[in-house]
Amino acid sequence: MVSYAACQERIALFPELDSVLMAQKFNSVSEPTIFPNPAYQFFTASIPDSYLGGKLCVYNELGEMIIAPTELIAQHTIIDVFKLPPGTYFIQITDSNKKATVKSIIKL
C-alpha cells in the first residue's frame, strides 16, 4: 500500500497532473453527462444539482422534438430510446435559470 505522504510527494513532482485531475473532477460535477453513448435501449443523464428542476428534451437531426420535456427531479434520469430509429439525437438540458446545455448521442 502507498502512503498518503508518498502520494503527496508524487503530486509535488508532477504539479500539472494534479491540476488535470482536479479539472476533471470539477468538470464532472458542474456539467451534465450522458451515458452510454452510443445507446441502444436507454441513456442516463447525470445531472449536477444546479440543473435539478430543469428540463431535458430530445431532438432528431431535423430539430424535431422526439421526446417531450422531462422534468429533472433526480441526479440520474433514465430516458428510454428503445423505440427510436438508429441515428444521431441531440439532448437539450435546461436548468431552472434557462441556461441550456446540448449533448449529442448516437442511437444504435
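Note that the coordinates shown come from a computational prediction; the quantities given were computed from them, not determined experimentally.

Explain the nonpolar core residue by residue, including any values.
Generally speaking, nonpolar side chains in soluble globular proteins are found buried as a group. Ranked by size, the top nonpolar core spans 17 residues in total, and within it F43, L56, I91 and I93 carry the most contacts. Of all the secondary-structure elements, those providing two or more residues to this core are β2 (42-46), β3 (55-59) and β6 (87-94). The element best represented in this core is β6, accounting for 3 residues. With residues near it in sequence (within four places) discarded, F43 still touches I34, F35, P36, L56, V58, T77, I78, I79, V81, I91 and I105.

So what about the packing of aromatic side chains? Which residues, and what values?
One pass over the full model with this rule turns up 1 aromatic pair. Residues Y40 and F82 carry aromatic rings whose centres are separated by 5.7 Å and whose planes lie at 85° to one another, so their mutual orientation is edge-to-face. Residue Y40 is located in the loop between β1 (33-35) and β2, and its partner F82 is located in the loop between β5 (76-80) and β6; the two are separated by 42 residues in the primary sequence. With a relative accessible area of 46%, Y40 lands in the partly exposed category. Under the relative-accessibility criterion, F82 is labelled partly exposed at 41%.

Which residues make up the environment of I79, and what are the values?
Following the sequence through the fold, I79 ends up in strand β5. Not counting residues within four places of it along the chain, the set of residues in contact with I79 comprises Q41, F42, F43, L56, I67 and T70.

An account of the sheet that holds strand β7 (residues 100-107) is needed here, citing residue identities and associated values.
In spatial order, the strands read β4-β3-β6-β7; together these 4 strands make up an open sheet with antiparallel pairing. The outermost strands of the open sheet, each flanked by one partner alone, are β4 (65-71) and β7. In this sheet, adjacent strand axes meet at a mean angle of 20° when their direction is disregarded. The pairing of β3 with β4 spans 4 bridges and is antiparallel. Residue pairing in the sheet places L56 in a bridge with T70 of β4.

What counts and what doesn't
- Residues numbered from 1 in each chain as written.
- Predicted model: local features only at pLDDT ≥ 70, side-chain atom pairs only at ≥ 80, totals over all residues.
- Heavy atoms only, no water.
- Core = buried A, V, L, I, M, F, W, Y, C linked by side-chain atoms within 4.5 Å.
- Buried < 20%, exposed > 50% of the residue type's maximum accessible area, 1.4 Å probe, protein only.
- Helix = DSSP H or I, 4+ residues; strand = E, 2+ residues; numbered from the N terminus.
- Contact = heavy atoms within 4.5 Å.
- Phe/Tyr/Trp six-rings, centres within 6.5 Å; stacked < 30°, edge-to-face > 60°.
- Pairing = 2+ DSSP bridges.
- Axes fitted to C-alpha atoms, helices over the stretch in contact; angles between N-to-C directions.

Everything listed here is a matter of coordinates, which is why it stays silent on function.
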